[in-house]
Amino acid sequence: MTRSRHGPEVVRSAPNPAPPAVLVAAVGIGVHAFNHVTIVVQDVWRLLATPDAATFNPGTVYHPISAVLYLWLAVTVHSGRNSGRVAITVLPAFQAVGRYFVFASYPEVEVRADLVTGWALSAVVLGLLWAPATTRGHFGKRFA
């Protein structure tokens, strides 16, 4: 912190910017959030188009919650909070089980392509958050 020349108020110095790998990883996490939002929009669209065929399923609750969770994790990771990095590392392990059942239950190419690209995106994000030394340094900062 530095003192202003114009008075006793304290001026906070700008935080260190996130390394490019962290920025790309945060955007990747944001893409996961966006994908959950698109599924919610599709569900609402189906409900409006054919209300008699609409069903309640686990995804009805899971996708809106996941969209908010991923958005929060993207912000947390970008800010350098190690807890966010750990959470986004553990989360795909739990999701792998659910993605496996969705993969087995829905043979449509579009669904399977979404799942495979989601797995690939998660792998890239995890690599970016743990491999580069600049990334590890970003998460090694202490917060007051």
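Chains are numbered independently. Their residues run from 1 in the order of the written sequence. This being a predicted model, a pLDDT of at least 70 is required before a residue's local features are given, and a value of 80 or more before pairs of side-chain atoms are given or counted; all residues contribute to the totals for chains, interfaces and linings. Only hydrogens and water are set aside when side-chain values are computed; all heavy atoms of the structure are taken into account.

S.K.: Before we go on, may I ask you to explain the pattern of salt bridges in this structure?
M.R.: Side chains that differ in charge, positive against negative, can pair when their charged atoms come close. In the sections that follow, a salt bridge refers to a side-chain nitrogen of Lys or Arg positioned within 4 Å of a carboxyl oxygen of Asp or Glu. What the rule picks out here adds up to 1 salt bridge. The salt bridge partner of Arg46 is Asp43, with a shortest N-O separation of 2.9 Å. Within this pair, Arg46 and its partner Asp43 are both found in helix α1 (residues 20-49), separated by 3 residues, close to a single helical turn. You can call Arg46 partly exposed: its relative accessible area is 47%. Per the convention used, a helix needs a DSSP run of H or I reaching at least four residues, while a strand needs a run of E reaching at least two, with both numbered from the N terminus. For each residue, the accessible area found with a 1.4 Å probe, counting protein chains only, is set against the maximum for its type, and the residue is called buried under 20%, exposed over 50%, and partly exposed in between.

S.K.: Looking at this structure, I do not really get the nonpolar core. What am I missing?
M.R.: As a rule of thumb, soluble globular proteins bury nonpolar side chains together. For this analysis, a nonpolar core means a set of buried residues of the types Ala, Val, Leu, Ile, Met, Phe, Trp, Tyr and Cys, connected via side-chain atoms within 4.5 Å. Ranked by internal contacts, the top residues of the largest apolar core, which has 14 residues, are Ile29, Tyr70, Val77, Ile88 and Leu129. For this core, the secondary structure elements donating two or more residues are α1, α2 (58-79), α3 (82-105) and α4 (109-130). Apart from residues lying up to four places away in sequence, Ile29 is in contact with Tyr70, Leu73, Ala74, Val77, Ile88 and Val125. Here, two residues are considered to be in contact whenever any of their heavy atoms come within 4.5 Å of each other.

S.K.: Quick question: what am I supposed to make of the packing of aromatic side chains here?
M.R.: The description of an aromatic ring pair rests on the distance of the ring centres and on the angle between the ring planes. Two aromatic rings, drawn from Phe, Tyr or Trp (for Trp, its six-membered ring), form a pair once their centres lie within 6.5 Å of each other, and the interplanar angle then sorts them: stacked below 30 degrees, edge-to-face above 60, tilted otherwise. According to the stated counting rule, one finds 2 aromatic pairs in the structure shown. With centroids separated by 5.5 Å and ring planes inclined at 70°, the aromatic side chains of Tyr100 and Phe101 adopt a geometry described as edge-to-face. Among the residues examined, Tyr100 registers a relative accessible area of 52% and is labelled exposed. Taking the relative accessible area as the measure of exposure, Phe101 reaches 52% and is therefore exposed. Look at Phe103 and Trp119: their rings are 6.0 Å apart centre to centre, the planes differ by 40°, and that puts the pair in the tilted class. Of this pair, Phe103 sits in helix α3 while Trp119 sits in helix α4, placing them 16 residues apart in sequence.

S.K.: When you look at the packing of α3 against α4 in this model, what are you seeing that I'm missing?
M.R.: Two quantities define a packed helix pair, namely the angle between the axes and the distance from one axis to the other. Angular values range over 0 to 180 degrees, each being the angle between N-to-C directions of two axes fitted as lines to C-alpha atoms, with helices fitted over their stretch in contact. Their axes nearest at 11 Å, the elements α3 and α4 cross at an angle of 165°. Relative to α4, the element α3 is oriented roughly antiparallel. Considering how the two elements wind past one another, α3 and α4 form a crossing that is left-handed. Between α3, through Arg85, Ile88, Thr89, Pro92, Ala96, Arg99, Tyr100, Val102, Phe103 and Ala104, and α4, the contact on the second element is made entirely by Val111, Arg112, Leu115, Val116, Gly118, Trp119, Ser122, Leu126, Leu129 and Trp130. What sets the label is the angle itself: under 35 degrees gives roughly parallel, over 145 gives roughly antiparallel, 65 to 115 gives roughly perpendicular, and the rest give oblique. Definitions for this section: a left-handed crossing has its near helix turned counterclockwise from the far helix by less than a right angle. A right-handed crossing has that turn clockwise.

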